[in-house]
Amino acid sequence: MKNSRRRFLQIAGVSALGLGAKPVLNAFASGGAEGPGYHVAKGEDARSAKQWAMVIDTRKLQTAEALEPIIEACNKIHNIPTGIENKNHEIKWIWETHYHNAFTDKASSFLDEAVENRPFLLLCNHCENPPCVRACPTKATFKNENGIVMMDFHRCIGCRFCMAACPFGARSFNFRDPRPFIKETNKEFPTRMKGVVEKCNFCAERLAVGKQPACVEASNGAIAFGDLYDEHSEVRELLKENYTIRRKQTLGTEPAVYYIV
Amino acid sequence: MKDKNKIIAGLVVFIAAITFPFWFNLGKAAPAPELVLTAKAKAAKTCVMSTEFMKANHMQLLDVWRHNVVRRSERMFVSPDGKLYDMSLSNTCLDCHSNKAEFCDRCHDYASVSPYCWDCHIDNPKGE
């Protein structure tokens, strides 16, 4: 075989590719969490479940005043900016709304007045089949093994596809730097920055150390939290004994927040 | 080939111009920054890993931390000598190294890297 210049360049090119690929492959291979002598693990107190779920007993939360401390607790520990004047820039993790806005597919003309006039607590439903996760192009929104729909702010590029995909309006976009709007910063929890989407995380950081979510703690027993797939969990007991409704059930996202009415 | 002289002259000027920043700054390198350890960091003696490891690899380690905490809910770090740490930049790293300006920033400024960690993570959890 006669060696041509073209042939030589081909071989040289492939060889260079081989040499260059080694460090790249090494870099990709080092994705594990085992380093020189260290390893990482879940904490001993960490709580786990197949699908965390919440049951809100709205009979115990009849007035807007009853919801206030619950919302306040969440805002405070998660450094959620409050008091942004422009409604479009608001950040909401847990908020209250009217029955007709919460249960748009259930509104009949003549309702039980007590239920109709009750304020409802809304938060991310942590759907079993979350449309936001499918819509996210960077996997910044993902479902963790506890069934919590999480945000990885390090990866969020602020495209807001997830906001368009979420039928519950549970996601907020940081149109501006949130820090000036945080009254009292909780130094234990990070703030967010301009250009990321944020939402309720079912207090994943508290579950990791064996605590209940902040809203559950602040609700004086009106909100229950537990594993939906554990027959003996508190939420399953409540679901067995009470008639519950969920938001926009017809969409098939399987929300994990249930309301006792 | 009557332009030999012109080409050589041109090359000399070109090389002089392109290397100007190097010989202009020769011998004027900024001194490596001196890092200040807080009393707490001094008392602790060791970081989560050895000092050499932290000097060279703290960024990779922090990347492992953030990935495992956020995406895998693993928050416990077991160091080579068996000590447990909560994997948190704000609450563990900055608890000891609470002097961000003298400890983190000096080196980052010197190396001209500007990590955006502080846009979200609160830099002085003790509020000093």
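It should be emphasised that the depicted structure is a prediction, and the values quoted were computed from it without experimental measurement.

**A closer look at the overall build of chain B**
Point 1. Each helix and strand counted, chain B has six helices and two strands in total.
Point 2. Secondary structure elements in chain B, listed N-terminal to C-terminal, are α-α-α-α-β-β-α-α.
Point 3. Expected size for 128 residues packed as a compact globule is a radius of gyration near 14 Å; at 23 Å, chain B overshoots this value by more than 25%.
Point 4. Principal-axis analysis of the C-alpha atoms gives chain B an extent of 75 × 35 × 30 Å.
Point 5. When each of the 128 residues of chain B is scored for burial, the buried share is 30%.
Point 6. Looking at chain B alone, contacts between residues at least 24 apart form 61% of all its contacts between residues at least 6 apart.
Point 7. Of the roughly 8,800 Å² of accessible surface on chain B, a fraction of 63% belongs to carbon and sulfur atoms.
Point 8. Here chain B carries 16 positive and 14 negative side-chain charges, and the mean point of each set is 8 Å from the other.

**Points about the UniProt feature "transmembrane region" (unreviewed entry) in chain B**
Point 1. When the UniProt feature table is mapped onto this chain, "transmembrane region" (unreviewed entry) is found at residues 7-24 of chain B.
Point 2. When the span residues 7-24 of chain B is considered, its composition is 94% helix and 0% strand, and the gap between its end C-alpha atoms is 25 Å.

**Some thoughts on the packing of aromatic side chains**
Given two aromatic rings, their pairing is described by the distance between the two centres and the angle made by the two planes.
Point 1. Taken as a whole, this structure holds 14 aromatic pairs over all chains when the rule is applied.
Point 2. One aromatic cluster is present, formed by Tyr38 of chain A together with Phe53, Trp65, Phe77 and Tyr85 of chain B through successive ring pairs.
Point 3. Sitting over the face of the ring of Trp95 of chain A, Lys92 of chain A holds its NZ or CZ atom 4.6 Å from the ring centroid.
Point 4. The side chain of Arg71 of chain B reaches across the aromatic face of Phe142 of chain A, ending 4.0 Å from its centre.

**Points about a nonpolar patch on the surface**
Residue and element names in this part refer to chain B.
Point 1. Taken together, Ile7, Leu11, Phe14, Ile15 and Ile18 make up a surface patch of nonpolar side chains, about 500 Å² in accessible area.
Point 2. Relative to the helices and strands, Leu11 resides in helix α1 (residues 4-18).
Point 3. For Leu11, a relative accessible area of 46% translates into the label partly exposed.

**What about the sheet that holds strand β1 (residues 76-78) of chain B?**
Point 1. Spatial strand order, β1(A)-β1(B)-β2(B): three strands in an open sheet with antiparallel pairing. Two strands lie at the open edges of the sheet, namely β1 (39-41) of chain A together with β2 (84-86) of chain B, each paired on one side alone. Going across the sheet, the axis of each strand differs from the next one's by a mean of 30°, ignoring polarity.
Point 2. The pairing of β1 of chain A with β1 of chain B spans three bridges and is antiparallel. The partner of Val40 of chain A across the bridge, within β1 of chain B, is Phe77 of chain B.

**Some points on the domain arrangement of chain A**
Point 1. Each domain of chain A was delimited in the assignment, giving domain 1 (1-30) and domain 2 (34-260).
Point 2. Placing a centre on the C-alpha atoms of domain 1 of chain A and another on those of domain 2 of chain A gives a separation of 51 Å.

**Concerning the side chain of Asn201 of chain A**
Residue and element names in this part refer to chain A.
Point 1. Here Asn201 shows up in the loop between β8 (197-198) and α7 (204-207).
Point 2. At a separation of 2.9 Å, a polar atom in the side chain of Asn201 contacts the main-chain amide nitrogen of Cys203.
Point 3. Other than its neighbours up to four places away in sequence, Asn201 contacts His78, Trp93, His126, Ile148, Met150 and Phe189.

**What about the pattern of salt bridges?**
Proximity of charged atoms lets side chains of opposite charge pair with each other.
All names here are of chain B.
Point 1. Scanning all chains against the criterion turns up 14 salt bridges over all chains.
Point 2. One salt bridge connects Lys100 with Asp105, and the closest N-O pair in it is separated by 3.3 Å.
Point 3. Exposure remark for Lys100: the relative accessible area of 14% places this residue in the buried category.
Point 4. Here Asp105 falls in the partly exposed class, since its relative accessible area comes to 21%.

**Here we look at the environment of Ala43 of chain B**
All names here are of chain B.
Point 1. Within the fold, Ala43 resides in helix α3 (residues 39-44).
Point 2. Using a relative accessible area of 61% as the deciding quantity, one classes Ala43 as exposed.
Point 3. Residues Ala43 and Pro21, 22 residues apart in the sequence, show an inter-C-alpha distance of 44 Å.

**Notes on the nonpolar core**
Point 1. Ranked by internal contacts, the top residues of the largest apolar core, which has 44 residues, are Met54, Ile56, Leu121 and Phe202 of chain A.
Point 2. Discounting chain neighbours no more than four positions away, the residues touching Ile56 of chain A are Leu61, Leu121, Leu123, Ala222, Ile223, Val257, Tyr258, Tyr259 and Ile260 of chain A.

The rules behind these values
- Residues numbered from 1 in each chain as written.
- Chains lettered and ligands numbered in written order.
- Predicted model: local features only at pLDDT ≥ 70, side-chain atom pairs only at ≥ 80, totals over all residues.
- Heavy atoms only, no water.
- Helix = DSSP H or I, 4+ residues; strand = E, 2+ residues; numbered from the N terminus.
- Rg over C-alpha atoms; globule rule 2.2 N^0.38 Å.
- Buried < 20%, exposed > 50% of the residue type's maximum accessible area, 1.4 Å probe, protein only.
- Contact = heavy atoms within 4.5 Å.
- Areas by Shrake-Rupley, 256 points an atom, 1.4 Å probe, with all protein chains shown as cover.
- Lys, Arg positive; Asp, Glu negative; His and termini not counted.
- Charge placed at Lys NZ, Arg CZ, Asp CG, Glu CD.
- UniProt positions renumbered as here; feature names shortened; annotations may be inferred.
- Phe/Tyr/Trp six-rings, centres within 6.5 Å; stacked < 30°, edge-to-face > 60°.
- Lys NZ or Arg CZ within 6 Å of the ring centre and 35° of its normal.
- Patch = residues over 30% accessible without salt bridge, like charges linked within 9 Å, V, L, I, M, F, W, Y side chains within 5 Å.
- Salt bridge = Lys/Arg side-chain N within 4 Å of Asp/Glu carboxyl O.
- Pairing = 2+ DSSP bridges.
- Axes fitted to C-alpha atoms, helices over the stretch in contact; angles between N-to-C directions.
- Domains from an automatic or database assignment.
- Polar contact = N/O pair within 3.5 Å; in protein donor to acceptor, adjacent residues only side chain to side chain.
- Core = buried A, V, L, I, M, F, W, Y, C linked by side-chain atoms within 4.5 Å.

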